[in-house]
Amino acid sequence: MMLAAVAVSQPVATAHALAPDRDLGDCSVTVWSVRDGMPGAWIRAITQSADGYLYVGTQGGLARYGGGPIVALPPPRAFPHGNDVMRLLVAKDGTLWVLPPRGVPLCVGNDAVDACAPSPDLPPEARTFGMSEHPAAGLWLASTAGLFRLRRDHRHGGQSDRAGDRWERWLNPQELGSVVALAHETDGTLLLAGPDGLRRLATAGATATPPSSLLSTRTLALSAAPGGHLWAMSEEGLYRIDSGRLTALAVQGLPLGKVIDIREDRDENLWVGTRAGLWRLRAGDRQPRSFGRADGLPDDDVSAIFEDREGSLWVGTRNGGLAQFTDRSLDRRAGPPSLRETWVSSVTIDGAGVLWAASVRGLTRMTGGKEETFTSRDGLPSDQITAVVAGPDGQLFVGTDRGLARMRGQRFDMVPGFTSAVTALARDGVDTIIIGSGQGLSRLVGLAATPITPHPKLGTLELGEIRAIARDDRGILHISANGRLLAVQGDHLVEPHAPLEKVRGVSRDPDGTLWFGTGFGLARLRAGKSRLYGTAEGLPHTELFQVLSDDLGHIFMGTSHGLLRVAKAALEQLDKGHRRQVDVVTFAVEDDRREVRINRTRQPGAWKDREGRLWFASGRGVISVDPRRLPGSSLVPPVVIERALVDGRPALRGVDNAFPPGSGAFEFHFAAITLIEPRLAQHRYRLEGFDSGWIDAGTRRSAYYTNMRPGSYRFRVLGRSADGVWNDVGDSVQLTLAPHLHERPAFHIALALAALALVFAVHRSRVQRLQQTFAATAAERARVARELHDSLLQGMAAAQMHLRGVRKRFAPTASPTPASKVAEELSAIEELVARNIEETRQFVWDLRDSMKPPQELGAGLVAMLDRARSRCESTMTMEQIGTPIALPADATRELLRIAHEAIANAVRHASAGEIRVTLAHEAETVTVTVRDDGRGFEPNRAAGESSGHFGVTGMRERAARIGRLTIESHAGQGTKVEIMVQRKDLRDV
């Protein structure tokens, strides 16, 4: 499925036709036959569609060519007369009409040929003659069933909807007669050519009138010219028709009885196809030039002629297939014929327009198509000429491998002082010649030579071979010596401000800008500043041996692989940052490319004549190029997406193509349609929605993407012709790939909700298990607390009461007695039991309290002091400082237990009269301080098993989990217990 689009960002320019001063044998020719994919060898019709494709009608079917492989289009399934194609016509609306030998015309669409407008009055067996269209008069068809006009149903759409179109008969067969061709004049009058002559038919009225005779002799061919006039060829001669006026042209030599086709190109050259070859009649000439097999035609029996929009001439033959003729971009035949296979070292054109070429065969002069060669027999120092340049007063200076000579008239004189090989000659001003030779650099005025030597600051400098000489915009003379660029200051060579290396050739613009060809790229020297353009700027990786500016704003560069061209404006845009690379155009046709080697030349190795034509010395003769006649040099190539596939399914342009879920394999085939050197066409593409930028495909015409995710994409492609002209609009196709069920957002949402529900269920189950475990633990702790209270505490309390009764019986007396000793022992036992009761009670309280949510720290400390006051006589106070800070529950419990232990120690062991508790809140710190005025102790000795007390050890263990504990105490000086907690250290508590 072809996706066609004609999208250009600027008006489509026109190209020149084949140069009228060239024979077909001097043009590049390419031939396509059946073995190249052509459906038939007999070419009967040629045309070019609006999207740039060349369509070729053969006796075997219809073919399409766009620079790639030839594509044979299948005919309709119900085609009654085989695949034969008689005529082709591209209508104003872009429809390509195909005229078979019999029946109704067909249309081309979606890579297929099919019927598109029926006619009840046009039977399938009716023979067809031809078609013609006029913007006002419409589309007309001539056949053995009569003359028909296409009636459009305006209630329907355009080209794509032809449901209401039909062919209506305008003239019956008797009124029409026999016709071989038809064409419209500019006013809509229809001309009919046939055995009865040439007739005119008015088509403006609503009813038909019989045609009137314009020419009574048998007419064989008829065609419309680009200028609006028509050409007719009869058995008696050639005629031009302008608004019904017939003008006969006296033409000699044409085989009038064998004429098949006639065409006028855009340069007003008339091409006539006959069964005896192809004939060309240039504007203003009366003697045509014939061409045949010797000039590249595959067959002398010419059956169709066509000129495409790029200026190529297409010639169809009866037996040999199709031939394309284009101007050779590089003309090797313009120079001296005797040097076409010879290495030419230098070329120049003198003031009289005479071409001079230096070679190993001598000095060759060419003027008026005639050439003459001068050698040592004519007075030259040697036959090996190295350089030649025109001097003042008609003189010519000739460099050889044995010195320098001057030519005046027909005589050669040796220039004294020069005996070694001359490698460069350049004219500097009116009467000065700069000479580079094996003896160094010299300035020659008349016959007086002045040496130019290196400045002493340069030290010893080996000049070697001098390759380039030119003066810049500031009047400084620049010399390439041994590949190094130096400047001339007076009679000395100095180091320039803008050094360059490996300089080969030089060209000077009228404003004094110098262009250098170097081993690293193209260099520009302007206002004393140099700029080098190399591979990073888009130039190929090759040495530039010669550079030459044309009159159209380009620089031509000679290389070992052909001739290159780059636009100066593109270089300026690159300097300003408006583009990243320049487009380089290669000028060399395929069958000449291996012959184009512009290297190892001397100065001047290239020259521009007064007409703007460029001449280059090459390894195989003198090569010429006319920048004004380069084929297709300003045409914007149409860009076409020929095929787009998504998982093997075709896509159409102009709509949003929606595709079901698949593997996400995208395939695109595209082309910038150019028929001149299509293999050099360049492409860029981008898949919007996937690619972050443009992808340079080079000459590749396809792109593939795999495993594409569902979504909307737009594939865009741009193209560039072989002449460096970009189509910046290009073509595009819109694609939407639907997701699988598991890729849809709703599925993801449902999956997320299900996952959340599962997580919630697991969390709820875990919470329930934790709650059950917590409840069981709390019940067990409550049971233990009850058991301790109801059994151990009650039993110890009863033992305490009995001990108190026994102690009262043995009350102490004034004098010690055994009974009083018993009373003391009982008192000690009672005190120990009381202490154990208190500790057990506290343990029971801790068991029950740990199962409750902790109180706020300040409130917990207040409640703790209230309970302690009820069991002792010590004075207890509390102070809170700062705004309370929320702490984790575990940290709050640990602080309360440390404070409780400190208060209990002060009551039980220190006999404190006053206990003060301070709670201080700072930004991220909580500090609890317990002070007493008791008897004090040694903290390090009071901890551990050796003391029999574990209170201090417990406080330190608890403090290690939440903060820092400080205990300050000395015997008789009271005790200070301080615990400091920072919130940042409580993350894991």
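In this text, all values refer to a predicted model and were calculated from it rather than measured experimentally.

**Q** For this particular structure, what's the right way to read the packing of aromatic side chains?
**A** Two aromatic rings are characterised by how far apart their centres lie and by the angle between their planes. Following the criterion strictly, the structure yields 17 aromatic pairs and no others. Note on Phe666 and Tyr713: the rings are 5.5 Å apart at their centroids and 80° apart in plane angle, and the pair reads as edge-to-face. Linking Phe666 in strand S59 (residues 666–672) with Tyr713 in strand S63 (residues 711–720), this pair joins segments that are 47 residues apart in sequence. A relative accessible area of 3% places Phe666 in the buried class.

**Q** I keep staring at the confidence of the model for the chain and nothing clicks. Help me out?
**A** Do not read the predicted coordinates in detail wherever pLDDT is low. The share of residues in the chain with pLDDT of 70 or more is 86%, and the mean pLDDT across the chain is 83. Contacts of residues 155–160 to residues separated by more than four positions or lying in other chains number eight contacts, the stretch itself having pLDDT below 50.

**Q** Before we go on, may I ask you to explain the environment of Asp413 in this structure?
**A** Tracing the backbone through its elements, the reader meets Asp413 in strand S36 (residues 411–414). Once the C-alpha coordinates of Asp413 and Val398 are considered, the two residues, 15 residues apart in sequence, prove to be 9.9 Å apart. Apart from the residues within four sequence positions on either side, Asp413 is in contact with Leu404, Ala405 and Arg406.

**Q** Got a minute to help me understand helix H6 (residues 889–908) in this structure?
**A** Owing to its 3.6 residues per turn, the α-helix aligns residues three or four sequence positions apart on the same side. Over its 20 residues, H6 extends 28 Å from the first C-alpha to the last, a length consistent with the 28 Å expected when each residue adds 1.5 Å. Most of H6 sits out of view: 14 of its 20 residues are buried.

**Q** Hey, could you run me through the pairing of strand S15 (residues 190–194) in this one?
**A** Consecutive residues of a regular strand have side chains that alternate between opposite faces of the sheet. With five of its five residues buried, S15 lies for the most part within the structure. Here S15 shows no split at all, with Leu190, Leu192 and Gly194 on one side and Leu191 and Ala193 on the other all buried. Alignment of strand S14 (residues 181–184) against S15, held across four bridges, turns out to be antiparallel. Residue pairing for S15: Leu182 is matched across the bridge by Leu192. Between the antiparallel neighbours S14 and S15 lie five residues, among them Gly188 with a positive phi of about 95°. As paired elements, S15 and strand S16 (residues 197–201) share five bridges and run antiparallel to each other. Paired with Leu192 across the strands is Arg199, a residue of S16.

**Q** In this structure, what is going on with a nonpolar patch on the surface? I would like to understand it.
**A** Nonpolar side chains collect at one region of the surface, where Leu741, Phe747 and Leu751 lie side by side and expose about 300 Å² of accessible area between them. With respect to the element layout, Phe747 can be found in helix H3 (residues 745–809).

Parameters and conventions
- Residues numbered from 1 in each chain as written.
- Predicted model: local features only at pLDDT ≥ 70, side-chain atom pairs only at ≥ 80, totals over all residues.
- Heavy atoms only, no water.
- Phe/Tyr/Trp six-rings, centres within 6.5 Å; stacked < 30°, edge-to-face > 60°.
- Helix = DSSP H or I, 4+ residues; strand = E, 2+ residues; numbered from the N terminus.
- Buried < 20%, exposed > 50% of the residue type's maximum accessible area, 1.4 Å probe, protein only.
- pLDDT = per-residue confidence, 0-100.
- Contact = heavy atoms within 4.5 Å.
- Expected span 1.5 Å × (residues − 1).
- Pairing = 2+ DSSP bridges.
- Patch = residues over 30% accessible without salt bridge, like charges linked within 9 Å, V, L, I, M, F, W, Y side chains within 5 Å.
- Areas by Shrake-Rupley, 256 points an atom, 1.4 Å probe, with all protein chains shown as cover.
- Salt bridge = Lys/Arg side-chain N within 4 Å of Asp/Glu carboxyl O.

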